[in-house]
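Secondary and tertiary structure notes
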Amino acid sequence: VAMVSPEGNLNVYKKKGKVSDLLESCKDKDKSGNIGIGHTRWATHGKPSEKNSHPHSSKDVSVVHNGIIENYQELKERLTQSGVKFSSETDSEVVPHLISFYLAKLEDYKKAVFAAIEDIHGTFALAIIFRGEEDLLVAAKKGSPLLVGYGENENYVASDYFALDN
């Protein structure tokens, strides 16, 4: 899971195993904030591990991703040449770094996400949060399902109906 704290920090917590293991490992950590993203990851690229698990983050962006990024190697090479250091074996990790790359150039969240999506080949559903933006969650999709759930004092996005089913 990743959350934006009231101070604007991105707090990212990962744990290999069951969701209950994550809950136990986070019981004494800062879970404050109004907005967060989370994902249970299965291995599309790389073995199941904490470093390969979602959310993937850059300094300013955290992302959960369902789908596949067909040109992730090309994007990874391009970002590496611009100084980005990757820590996972996944295709998903290119997304927050690509958005951060465009955010630095365009200084606009919407334009940065649109620019990144233009570069990505494949299918995806994304949920994206930003450091310093405790009231902003961006969701985007291409070819993969993405559902939006509205509730009283709560809203959700999911890539699967069962995530929204009570």
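A short tour of the structure in this document, coming up. Remember, it's a predicted structure, so these values are computed and weren't measured experimentally.

Cut-offs and rules
- Residues numbered from 1 in each chain as written.
- Predicted model: local features only at pLDDT ≥ 70, side-chain atom pairs only at ≥ 80, totals over all residues.
- Heavy atoms only, no water.
- Phe/Tyr/Trp six-rings, centres within 6.5 Å; stacked < 30°, edge-to-face > 60°.
- Buried < 20%, exposed > 50% of the residue type's maximum accessible area, 1.4 Å probe, protein only.
- Axes fitted to C-alpha atoms, helices over the stretch in contact; angles between N-to-C directions.
- Helix = DSSP H or I, 4+ residues; strand = E, 2+ residues; numbered from the N terminus.
- Parallel < 35°, antiparallel > 145°, perpendicular 65-115°, else oblique.
- Left-handed = near helix turned anticlockwise from the far one by under 90°.
- Contact = heavy atoms within 4.5 Å.
- Pairing = 2+ DSSP bridges.
- Core = buried A, V, L, I, M, F, W, Y, C linked by side-chain atoms within 4.5 Å.

The subject of this paragraph is the packing of aromatic side chains. This model, assessed by the stated rule, comprises three aromatic pairs. When the ring of Phe101 is compared with that of Tyr102, the centres are 5.2 Å apart and the planes differ by 75°; the resulting orientation is edge-to-face. Note on Tyr102: relative accessible area 15%, which makes it buried. Ring geometry for Tyr161 and Phe162: centres 5.5 Å apart, planes at 70°, overall edge-to-face. Exposure remark for Phe162: the relative accessible area of 63% places this residue in the exposed category.

Right, let's talk about the packing of helix α3 (residues 94–106) against helix α4 (residues 109–119) for a bit. The N-to-C vectors of α3 and α4 enclose an angle of 130°; their axes lie 8 Å apart at closest approach. Between α3 and α4, the angle is such that the two are oblique. At the point where α3 passes α4, the crossing takes the right-handed sense. Here Leu98, Ile99, Tyr102, Leu103 and Leu106 of α3 come into contact with α4, specifically with Tyr109, Lys111, Ala112, Val113, Ala115, Ala116 and Asp119.

With that settled, consider the pairing of strand β8 (residues 147–151). Strand direction decides the pairing type here: β8 and strand β9 (residues 154–158), joined by five bridges, are antiparallel. The partner of Gly149 across the bridge, within β9, is Tyr156.

Ranked by internal contacts, the top residues of the largest apolar core, which has 26 residues, are Val94, Val95, Ile99, Ile128 and Phe130. Listed by contribution, the elements that provide at least two residues to this core are β5 (61–69), α2 (72–81), α3, α4, β6 (122–130) and β7 (137–142). The greatest single-element share of this core, amounting to six residues, is contributed by α3. Look past the residues within four positions of Val94 in its chain and what remains in contact with it is Ile69, Tyr72, Leu75, Lys76, Leu79 and Phe86.

Within the fold, Val113 resides in helix α4. Along the chain, Val113 and Val138 lie 25 residues apart, while their C-alpha atoms are 8.4 Å from each other. Among residues more than four places away in sequence, those in contact with Val113 are Ile99, Ile128, Phe130 and Val138.

Glancing now at the sheet that holds β5. Spatial strand order, β4-β5-β6-β7: four strands in an open sheet with antiparallel pairing. If you trace the sheet from one side to the other, it starts and ends with β4 (56–57) and β7, each paired once. Looking at chain direction, β4 and β5 are connected through two bridges and run antiparallel. In the strand pairing of β5, Ser57 is matched with Ser62. Those strands touched by α3 are β4, β5 and β6, and its axis lies near 125° from that of β5.

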